[in-house]
Amino acid sequence: ETGVTQSPTHLIKTRGQQVTLRCSSQSGHNTVSWYQQALGQGPQFIFQYYREEENGRGNFPPRFSGLQFPNYSSELNVNALELDDSALYLCASSLDRDSTQYFGPGTRLTVL
Amino acid sequence: ELKVEQNPLFLSMQEGKNYTIYCNYSTTSDRLYWYRQDPGKSLESLFVLLSNGAVKQEGRLMASLDTKARLSTLHITAAVHDLSATYFCAVDRTGTASKLTFGTGTRLQVTL
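Residues numbered from 1 in each chain as written. Chains lettered and ligands numbered in written order. Predicted model: local features only at pLDDT ≥ 70, side-chain atom pairs only at ≥ 80, totals over all residues. Heavy atoms only, no water.

A. Highlighting the overall build of chain A. Scanning chain A from N- to C-terminus turns up 0 helices and 11 strands. Ordered by position from N to C terminus, the α and β elements of chain A give β-β-β-β-β-β-β-β-β-β-β. Taking 13 Å as the expected radius of gyration for a compact globule of 112 residues, we find that chain A reaches 13 Å, a close match to that expectation. In terms of overall dimensions, chain A has a C-alpha envelope of 40 × 25 × 25 Å along the principal axes. Counting all 112 residues of chain A, 50% fall into the buried class. When contacts within chain A are restricted to residue pairs at least 6 apart in sequence, long-range pairs at least 24 apart make up 54% of them. Counting only carbon and sulfur atoms, one obtains 47% of the accessible surface of chain A, whose full area is about 5,300 Å². For chain A, the separation between the mean place of its 8 positive charges and that of its 10 negative charges on side chains is 7 Å. (Helix = DSSP H or I, 4+ residues; strand = E, 2+ residues; numbered from the N terminus. Rg over C-alpha atoms; globule rule 2.2 N^0.38 Å. Buried < 20%, exposed > 50% of the residue type's maximum accessible area, 1.4 Å probe, protein only. Contact = heavy atoms within 4.5 Å. Areas by Shrake-Rupley, 256 points an atom, 1.4 Å probe, with all protein chains shown as cover. Lys, Arg positive; Asp, Glu negative; His and termini not counted. Charge placed at Lys NZ, Arg CZ, Asp CG, Glu CD.)

This is the structure we're talking about:
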């Protein structure tokens, strides 16, 4: 059984660009949640996808968007990147909406 | 809005000593989690506490939950250098998109 995987590991972008981060959920899990962790802080909830539909969103602007595919993998898209978007982005999968979440290794995004 | 606070934010302790990290949360929650994070790495799940009075132990770490006081503790017994990391508590509420709300984190440094 494979765990949660994320790609890429690291990414460097410039202000105004767009980025797509990817997450493969653990086998059998139909729910994916995304979190942003700025340096020195705790992770902040961005949104959750359950069976391909958004199932809750945190306090993030619309330029943060997501997608979940039929195989339950997921993408996080961020448009018009800002310097403050520099962070570790964590994906977590769970068996369903209310189950324990298991975190992937994260993608480190740097915006210059 | 659910808020989670941890203290202390930073803890330096000598090997062999005991100490406790505290986690307070503001509203009723269904589950409380403790995670460990090493620098630049993802979150490693340590404990899930589900009910009032729950106590779980793994090695030198013991976690407890008092839902009436909205307080969880992570007790470290006879600390060793390998326990140096940042520890987060997180709470969630089922039926509300099950997002995790994290505390500020406690950075633990165990010195020889």
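Having seen the structure, we can now continue with the description.
B. How the structure looks around the side chain of Q101 of chain A. All names here are of chain A. Take Q101: it is sitting in the loop between β9 (87-94) and β10 (102-103). Residue Q101 is classed as buried on the basis of its relative accessible area of 2%. One polar contact links Q101 to Y35, side chain to side chain, over a distance of 2.9 Å. (Polar contact = N/O pair within 3.5 Å; in protein donor to acceptor, adjacent residues only side chain to side chain.)

C. The arrangement of the sheet that holds strand β1 (residues 5-7) of chain A in detail. Residues and elements named next belong to chain A. Here we have 4 strands laid out as an open sheet, ordered β1-β3-β8-β7, and antiparallel in their pairing. A single partner strand is all that each edge strand has here, and the edge strands are β1 and β7 (64-68). Between one strand axis and the next, the sheet turns by 20 degrees as a mean value, whatever way the strands run. In the sheet, β7 pairs with strand β8 (residues 74-78) via 5 bridges, with the strands oriented antiparallel. Note on β8: the bridge partner recorded for G66 is L76. (Pairing = 2+ DSSP bridges. Axes fitted to C-alpha atoms, helices over the stretch in contact; angles between N-to-C directions.)

D. Just the packing of aromatic side chains, in detail. Under the definition given, this model contains 10 aromatic pairs over all chains. On the basis of an interplanar angle of 65 degrees and a centroid distance of 5.7 Å, the ring pair of Y35 of chain A and F45 of chain A is categorised as edge-to-face. Here Y35 of chain A, found in strand β4 (residues 31-37), pairs with F45 of chain A, found in strand β5 (residues 44-50); they are 10 residues apart in sequence, far enough to count as distant. On the basis of relative accessibility, which here comes to 6%, the residue F45 of chain A falls in the buried class. Aromatic side chains F103 of chain A and F102 of chain B sit 6.2 Å apart centroid to centroid with 70 degrees between the ring planes, which places their arrangement in the edge-to-face category. (Phe/Tyr/Trp six-rings, centres within 6.5 Å; stacked < 30°, edge-to-face > 60°.)

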